[in-house]
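In case you want the letters, here they are:
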Amino acid sequence: MSGEYQRPDPDALLQTLQEEEKDRGKRGRLRIFFGMAAGVGKTYAMLEAAGRMAREGVDIIIGYVETHGRDETEELLKGLEAVPRKKIGHRGIVVEEFDIDAVLKRRPVVVLVDELAHTNAEGSRHAKRYRDVTELLDNGIDVFSTLNVQHLESQADVVEKITGVKIRETVPDSILDLADEIELVDLPPEELLKRLAEGKVYIPEKAELAAERFFRKGNLTALREMSLRYVAGLVGYELRDYARKKRIRGPWKAGERLLVAVSPSPYSEYLIRWTRRMAFNLKAPWIALYIEKQKALSPAARITLNKNLGLARELGAEVISTADEDIVSGLLRVARRKNITQIVAGKPLRKYLSDYFSGGNIIDRLIRRSGDIEIHIVTRPEPGGAKPRLFGRFPGEPNRKGPPGEYLIAAAVIAGITVVNLFLAMVTGYWTIALVFLLSIVLLSLYVGRGPVLLGAALSSLSWNFLFIPPILTFRIARLEDALMFGMYFVIATVMGALTSKLRLKELALRAREERISGMYEFSRALSAAFGMDEVLDTAVSYIENSFQSKVAVFPADEAGASLGEPHKSGGLSVGDGERAVAEWAFRNKKPAGLFTDTLSGGGVHYIPLAAPGRMAGVMGLRPDSGIVFSLEQLGFLQNIAYQLAVRLERERLSTMSRKAMVAEESERHYRILLNSITHELRTPLTAIKGLISTMMDPSVGNDTRIRNSLLSETQGASERLIRLVDNLLDMSRIESGRLRLNLDWNDISDILGITMGRLGPHLEKHPLTVNCPDDIPLIRVDYNLMEQAIYCIIHNAMVHTEEGTPVCVSVSGAGDGVTITVEDEGKGLPEEDIQKLFDKFYRMERTQSQGGLGLGLSISRGIVELHGGSVRAENKATGGARFVIFLPVEMKEKAE
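Note that the structure is a prediction, hence the values are computed from the model and not measured. (Residues numbered from 1 in each chain as written. Predicted model: local features only at pLDDT ≥ 70, side-chain atom pairs only at ≥ 80, totals over all residues. Heavy atoms only, no water.)

### Looking at the nonpolar core
Across soluble globular proteins, nonpolar side chains have a tendency to be buried as a group.
Part 1 of the argument: Counting 60 residues, the largest nonpolar core has L112, L136 and L147 as the members making the most contacts within it.
Part 2 of the argument: The residues contacting L147, other than those within four sequence positions of it, are I32, F33, F34, G35, K42, L116, A117, L152, V171 and L176.
Part 3 of the argument: In terms of nonpolar packing, the next biggest core, distinct from the first, is built from 38 residues, L760, A798, V808 and L838 among them. (Core = buried A, V, L, I, M, F, W, Y, C linked by side-chain atoms within 4.5 Å. Buried < 20%, exposed > 50% of the residue type's maximum accessible area, 1.4 Å probe, protein only. Contact = heavy atoms within 4.5 Å.)

Spelled out as structure tokens, the structure:
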């Protein structure tokens, strides 16, 4: 082989194939006109491109374009179809917004949607316009839009630092990952300032204010550099993608993976943006990790945490939550499991007392234990802000040292132990008192947090010194050994209390994790035990309402999975038309909507799509009780429950379809058998009757009495066969419909057998019949005619399906609880595979297919016997031949009377 051949990397080829497959999908294409600030000409460039495409015959329309009253921009609108804007009442005024429903109904090839970072008015489907664009793309519609660099979420804080202006409308950087083309619209700062002064950007009053604050040459130069760098980075990625797709030789090295630690602190927002910028520069995936501790967060902290994690998710991070009482251990455990190469953490701006007893603060321990993982320590400057107190905490951050009540408990326990020790000191030495205090600290750490334990250790040390170590009632220690004992006591009490408290918290964290796993297992087991769609939904709704303190409504999908049905009756949540529309949006787009999301969040209900593999099973809605905010862990648990419920509903649907298919297949088989059999069984006697009548109408035959009587006899036989066929069909239909009524009376089984033998007249000539019916057989209370027919069908079946001359024996035996009628033949017996099917409707053994009949005789016999409370079975005799056994219960005459 040539030395120039380079084997492509398999992972790179796989990624290329996956991306090409994605490109061939039905998702729309996004083209963004990107600039450094308002007024550079993004909307103008977008309209020029749209005009060229319209002249080429492309179906392109205007969804929303903001001209700001510029004549040259409005001139470009001519010749382009525009969708009317949606009017929404907002704070007493009417606001015009982009009408996404009108565009989805119109379904153009391309739609223009200006100002991607725009915030929609309340009452719109989505809180942000970029989400409207995402929905259009999901529906296969191409979109042209505009965006300024300051509106990127990862750049907003940098822009605020440069310009001093707070950026309130932002879009996640991940929206640019969806863009198929980004066109940079650039303008020198001098030219932009000139346009601003000429009133081509804002009206004069607003332009003057903008020039003083935002539109300064230094600011514009910095913004221009940011936009150029950002687009240059995107071009670099495109070049690398091109090299990979074309298999151009290059450095195929493993990429970086970043992890950022997220907490309820508002400073986490800055860390997330910083990590996003770094991940963008490295073209690396990144993870936002929250370490959940045992201490419950306050509602305000929970809201801040959800906001931070939502920001990370919007910026393209993989959001993970794990439980661990040690932040450093949790970070490194997840980092090593996820193959993280760089960890981003916030620089501590304050100290905790516990840091002195735990080997340093979090950053120090993280650096020491990180190994080959790089650590980035990031701080956010707060100009003009107050410096955090030594033992302060961030707003919204949970109290790490325990709630105030635990401090009071610790102080009260030490006070009580001190009183006990005052009495104990009368009979023992003061060194023994130290052991009692030490025991109290260890026991106290089993019930309170680390901070209260440290307080208890300090109070116990001071109490022991002041009240028990000579000289008493002073803090002075006279003897060296007492001073050493006091120092060791304080260290031992503090360390043992902290370690015990830490172990207790770890145990509680493991218990909480176990409870979540057990909850998932219980839910799965409950769903597995449920049978039928109604029971499955009843079980799921009851579990979710109890576990999440919420009202629940489940909208199952129709059989085709194309639309939502009505809410299931098991749900306790009443849903109006507005909420129904939110559920349908979540169903169509396969995304959560409503509460805790940015899509149609005004109704107070959280909707989760029930997405089973390959199909949508429905939508589940939850309305939490007042004041409840779901945590990230709860939302993740809900997603898992929703997936399990969707899979279970899909399994029920498939099971129902399978049963229906089996019934349809069985019905089709019965239909074919019935049609073929009836066609043959009806046609044969009718053809015989017609032929016999035609023959008798011949004068040469009709005058011969002997021939005429023979023909009449054959006609009678054919008629009886036809009547028997019709009777069997009628009897089978009456038995299955449950309309067959028994005319019960006391009868002698020998009388029934006598009538049966009379009906078998012609067959007795070919098959010798032996009947053994003792005189002491008790009377049985049966329907005489039906029971005679049941016995006749079984004996007739034995004679028809055995060779001519084969004897048949009928024997009757009685016992205390019933009468047994046994029909035996000396034939070849029954195939083992056919014994269990003999009494099924329309079933005929292969060797009897040519002997006629519908296969209803034995089925009718079983139905009649079972109506009388009896049973019938078939089996082979050990000596050869078949045996049919009928058991009929005997109802005593005295009891009946």
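### Overview of a nonpolar patch on the surface
Part 1 of the argument: Judged by side-chain polarity, V419, L422, F423, M426 and V427 come together as a nonpolar surface patch covering roughly 560 Å² of accessible area.
Part 2 of the argument: Residue classification places M426 among the exposed residues on the basis of a relative accessible area of 66%. (Patch = residues over 30% accessible without salt bridge, like charges linked within 9 Å, V, L, I, M, F, W, Y side chains within 5 Å. Areas by Shrake-Rupley, 256 points an atom, 1.4 Å probe, with all protein chains shown as cover. Salt bridge = Lys/Arg side-chain N within 4 Å of Asp/Glu carboxyl O.)

### Topic: the pattern of salt bridges
Part 1 of the argument: Considering all chains together, one arrives at 28 salt bridges under this definition.
Part 2 of the argument: Where D138 meets R27, a salt bridge forms, and the shortest distance between an N and an O atom there is 2.4 Å. Remark: R27 occurs in the loop between α1 (10–23) and β1 (30–35) and D138 occurs in helix α5 (residues 129–138); sequence separation between them is 111 residues.
Part 3 of the argument: Accessibility expressed as a relative area gives 33% for D138, which makes it partly exposed.
Part 4 of the argument: Residues E96 and R85 are paired through a salt bridge, measuring 3.7 Å at the closest nitrogen-oxygen approach. You can see E96 sitting in strand β5 (residues 93–97) and its partner R85 sitting in the loop between β3 (81–82) and β4 (86–90), a full 11 residues away along the chain.
Part 5 of the argument: One salt-bridge network, held together by shared partners, links E824, R873, E875 and R883. (Helix = DSSP H or I, 4+ residues; strand = E, 2+ residues; numbered from the N terminus.)

### Quick notes on the sheet that holds β3
Part 1 of the argument: Overall, parallel pairing links the six strands, which are arranged β3-β2-β6-β7-β1-β8 in an open sheet. Each edge of the open sheet carries a strand with a single partner, namely β3 and β8 (181–184).
Part 2 of the argument: Pairing geometry for strand β2 (residues 60–64) and strand β6 (residues 110–113), over four bridges, is parallel. Considered in β6, the bridge of I60 is made with V110.
Part 3 of the argument: Along the sheet face, helix α2 (residues 42–55) touches β1, β2, β6, β7 (142–148) and β8 and points at about 165° away from the line of β7. (Pairing = 2+ DSSP bridges. Axes fitted to C-alpha atoms, helices over the stretch in contact; angles between N-to-C directions.)

### As for helix α8 (residues 189–197)
Part 1 of the argument: Of all the positions in α8, only P189, L192, R195 and L196 are classed as buried. Take α8 and look down its axis: the buried residues cluster within an arc of 120°, on one side only. (Arc of directions from axis to C-beta.)

### Some words on the packing of helix α26 (residues 784–800) against helix α27 (residues 857–867)
Part 1 of the argument: With their axes 9 Å apart at the nearest point, α26 and α27 run at an angle of 145° to one another. The interaxial crossing formed by α26 with α27 has left-handed handedness. Packed against α26, whose contacting residues are L786, M787, Q789, A790, C793, I794 and N797, the element α27 presents G857, L858, I860, S861, I864 and V865 at the interface.
Part 2 of the argument: Tallied by class, residues from the contact of α26 with α27 come to nine nonpolar, four polar and no charged. (Left-handed = near helix turned anticlockwise from the far one by under 90°. Nonpolar A, V, L, I, M, F, W, Y, C, P; charged D, E, K, R; others polar.)

### Details of the side chain of T275
Part 1 of the argument: The residue T275 is located in helix α11 (residues 268–282) in this model.
Part 2 of the argument: If near-sequence neighbours (up to four positions away) are discounted, T275 is found in contact with L258, V260, W286 and V344.

### A word on the pairing of strand β11 (residues 318–323)
Consecutive side chains of a regular strand alternate in pointing toward one face of the sheet and then the other.
Part 1 of the argument: Burial within β11 is extensive, with five of its six residues counted as buried.
Part 2 of the argument: Sheet analysis places strand β10 (residues 286–292) next to β11, joined by six bridges and oriented parallel. Among the inter-strand pairings, E292 is bridged to a residue of β11, identified as A323.

### A closer look at the packing of helix α13 (residues 327–337) against helix α14 (residues 362–369)
Part 1 of the argument: Two elements in contact, α13 and α14, have axes whose closest approach is 9 Å; the angle formed by their N-to-C orientations is 35°. Taken as a pair, α13 and α14 cross one another with a handedness that is right-handed. Facing I327, V328, S329, L331, L332 and R336 of α13, the residues of α14 in contact are I362, R365, L366 and R369.

### Section: the sheet that holds strand β23 (residues 871–876)
Part 1 of the argument: Read from one edge to the other, the open sheet built from five strands follows the order β19-β21-β22-β24-β23, with strand pairing classed as mixed. Looking at strand neighbours, the two that pair on one side only are β19 (769–772) and β23, the edges of this open sheet. The mean angle between the axes of side-by-side strands here comes to 15°, regardless of whether they run parallel or antiparallel.
Part 2 of the argument: Note: strand β22 (residues 818–825) against strand β24 (residues 882–889), seven bridges, orientation antiparallel. Bridge pairing in β24 places T822 opposite V885.

### Examining the environment of Q155
Part 1 of the argument: Here Q155 is to be found in helix α6 (residues 153–163).
Part 2 of the argument: Note: C-alpha distance between Q155 and R277 (122 residues apart in sequence) is 7.8 Å.
Part 3 of the argument: Setting aside chain neighbours within four positions, we find Q155 in contact with V149, M226, Y230 and R277.

### A few points about the confidence of the model for the protein
Part 1 of the argument: Per-chain confidence: the protein averages 77 in pLDDT, with 80% of residues scoring 70 or above.
Part 2 of the argument: Ranking the elements of the protein by mean pLDDT puts helix α28 (residues 893–896) last, at 38, and β6 first, at 94.
Part 3 of the argument: With pLDDT under 50 throughout, residues 383–401 is counted as low confidence; its partners more than four residues away or in other chains account for 33 contacts.
Part 4 of the argument: Scored below 50 in pLDDT, residues 892–897 makes six contacts in the model with residues more than four places away or belonging to other chains. (pLDDT = per-residue confidence, 0-100.)

### Here we look at the environment of A415
Part 1 of the argument: Following the sequence through the fold, A415 ends up in helix α15 (residues 404–424).
Part 2 of the argument: Expressed as a C-alpha distance, the spacing of A415 and L459, which sit 44 residues apart in the sequence, is 8.7 Å.

### Things to note about unusual backbone geometry
Part 1 of the argument: Unlike most non-glycine residues, R107 shows phi in positive territory, near 50°.
Part 2 of the argument: By the element assignment, R107 lies in the loop between α4 (100–106) and β6.
Part 3 of the argument: For N339, which is not a glycine, the phi torsion comes out positive at approximately 60°.
Part 4 of the argument: Examined against the element boundaries, N339 turns out to sit in the loop between α13 and β12 (342–346).

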